[in-house]
Amino acid sequence: MDLEEFWALIGEACAEVDALGLDFDDRRDAIGHACEERLVSRTPAEIIQFSLRQWQLRDHAYRYDLWAAAFLIEGWWSDDAFMDFRDGLVSLGRHWYERALADPDSLADHPAVRDGGDVLVGNEDFGQVAHRAYQRLTGEPDGLNEALEASPEAGPLSVITEPAGARWDVADDDEMRRHLPRLAEIFLD
């Protein structure tokens, strides 16, 4: 499964879920289920490739500016929560993912974000979609982890230890306003 096929699968799942008119919190759960159902009709090798593409996209988003955006939107600061946030970005679909990478402040335009409040873009469940599908298809509880460890593609994906990009003091509201003015207007004012 290449990147185009990955995004096509996500796009189909997003279209199915969005047609249901769910609120954002329910959409988060439904998108994982819709992707899992599509993956169980694929081969184990395709599920491995899906997981690798998801991993790559999550790593591309491992940037300090996105971490700061996540801090404003979700109100916490941990590597684990930021992984969930990055999985959540992927689950929003290609449009929002690419837009957020081009300009993290553009997340202020997302309907669930622009109203402020208790928004969680993070989607921990979405990070387990491929694992559940692989186990359902093969009956092997740790099969996907073993396959990923054996994959030569996974090697470079496990070396990133720090977010990329320039850091600033996220506790300084003026700095947040300077770097992420639209998000700061929603969450700081």
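Figured I'd write up the structure that's included with this text. (Residues numbered from 1 in each chain as written. Predicted model: local features only at pLDDT ≥ 70, side-chain atom pairs only at ≥ 80, totals over all residues. Heavy atoms only, no water.)

**A word on helix 6 (residues 94-102)**
Phase 1 of the analysis: Those residues of helix 6 lying buried are Trp96, Tyr97, Ala100 and Leu101. Seen along its axis, helix 6 keeps its buried residues to an arc of 130°; they face one direction. The exposed set on the far side of helix 6, more than 90 degrees from its buried face, consists of His95 and Ala102.
Phase 2 of the analysis: In this structure, the buried side of helix 6 is in contact with helix 1 (3-18), helix 3 (44-60), helix 4 (64-74), helix 5 (79-91) and helix 7 (111-114). (Buried < 20%, exposed > 50% of the residue type's maximum accessible area, 1.4 Å probe, protein only. Helix = DSSP H or I, 4+ residues; strand = E, 2+ residues; numbered from the N terminus. Arc of directions from axis to C-beta. Contact = heavy atoms within 4.5 Å.)

**A closer look at a negative patch on the surface**
Phase 1 of the analysis: Together, Glu140, Asp142, Glu146 and Glu149 make up a negatively charged patch on the protein surface.
Phase 2 of the analysis: Along the chain, the position of Glu146 falls in helix 9 (residues 143-150). (Patch = residues over 30% accessible without salt bridge, like charges linked within 9 Å, V, L, I, M, F, W, Y side chains within 5 Å. Areas by Shrake-Rupley, 256 points an atom, 1.4 Å probe, with all protein chains shown as cover. Salt bridge = Lys/Arg side-chain N within 4 Å of Asp/Glu carboxyl O. Lys, Arg positive; Asp, Glu negative; His and termini not counted. Charge placed at Lys NZ, Arg CZ, Asp CG, Glu CD.)

**Observations regarding the nonpolar core**
Phase 1 of the analysis: Membership of the largest hydrophobic core comes to 61 residues, with the highest contact counts inside it found for Ile73, Leu89 and Leu183.
Phase 2 of the analysis: By residue number, the principal contributor to this core is helix 4, which donates eight residues.
Phase 3 of the analysis: The contacts of Ile73, once residues within four sequence positions are left out, are Phe85, Leu107, Val113, Val119, Val121, Leu183 and Phe187. (Core = buried A, V, L, I, M, F, W, Y, C linked by side-chain atoms within 4.5 Å.)

**As for the environment of Cys14**
Phase 1 of the analysis: Mapped onto the elements of the fold, Cys14 is located in helix 1.
Phase 2 of the analysis: Ignoring any residue separated from it by four or fewer positions in sequence, one finds Cys14 in contact with Arg27, Ile31, Ser91, Leu92 and Gly93.

**Observations regarding the state of the cysteines**
Phase 1 of the analysis: Counted by the stated rule, this structure contains zero disulfides.
Phase 2 of the analysis: There is no disulfide at Cys35, and the cysteine sulfur nearest it, in Cys14, is 6.6 Å away. (Disulfide = S-S within 2.5 Å.)

**Digging into the pattern of salt bridges**
Phase 1 of the analysis: Under the defined criterion, the tally for this structure stands at 17 salt bridges.
Phase 2 of the analysis: The partner of Arg58 in a salt bridge is Asp87, and the shortest N-O contact between them spans 2.8 Å. Taken together, the residues Arg58 in helix 3 and Asp87 in helix 5 connect sequence positions 29 residues apart. Note on accessibility: Arg58 and Asp87 belong to one class, buried.
Phase 3 of the analysis: A salt bridge links Asp65 to Arg63, with the shortest nitrogen-to-oxygen separation between them at 2.8 Å.
Phase 4 of the analysis: Overall, the relative accessible area of 22% leaves Asp65 in the partly exposed class.
Phase 5 of the analysis: Three or more residues joined by partner-sharing salt bridges are found here, namely Glu36, Glu37, Asp125, Arg132 and Arg136.

**Quick notes on helix 1**
Phase 1 of the analysis: With 16 residues, helix 1 extends 22 Å between its outermost C-alpha atoms, agreeing within 8% with the 22 Å of an ideal straight helix rising 1.5 Å per residue.
Phase 2 of the analysis: Of all the residues in helix 1, the buried ones are Phe6, Trp7, Leu9, Ile10, Ala13, Cys14 and Val17. The arc that holds every buried residue of helix 1, seen down its axis, measures 155°, which confines them to one face.
Phase 3 of the analysis: Buried residues belonging to helix 1 abut helix 2 (24-39), helix 3, helix 5 and helix 6. (Expected span 1.5 Å × (residues − 1).)

**With respect to the packing of helix 1 against helix 2**
Phase 1 of the analysis: One can describe the packing of helix 1 onto helix 2 by two numbers: an axis separation of 9 Å at closest approach and a directional angle of 130°. With respect to their mutual orientation, helix 1 and helix 2 come out oblique. As for how helix 1 packs across helix 2, the hand of that crossing is right-handed. In contact with Leu9, Ile10, Glu12, Ala13, Cys14, Glu16, Val17 and Asp18 of helix 1, helix 2 contributes Arg27, Ala30, Ile31, Ala34, Cys35, Arg38 and Leu39.
Phase 2 of the analysis: Tallied by class, the residues present in the contact of helix 1 with helix 2 amount to ten nonpolar, no polar and five charged. (Axes fitted to C-alpha atoms, helices over the stretch in contact; angles between N-to-C directions. Parallel < 35°, antiparallel > 145°, perpendicular 65-115°, else oblique. Left-handed = near helix turned anticlockwise from the far one by under 90°. Nonpolar A, V, L, I, M, F, W, Y, C, P; charged D, E, K, R; others polar.)

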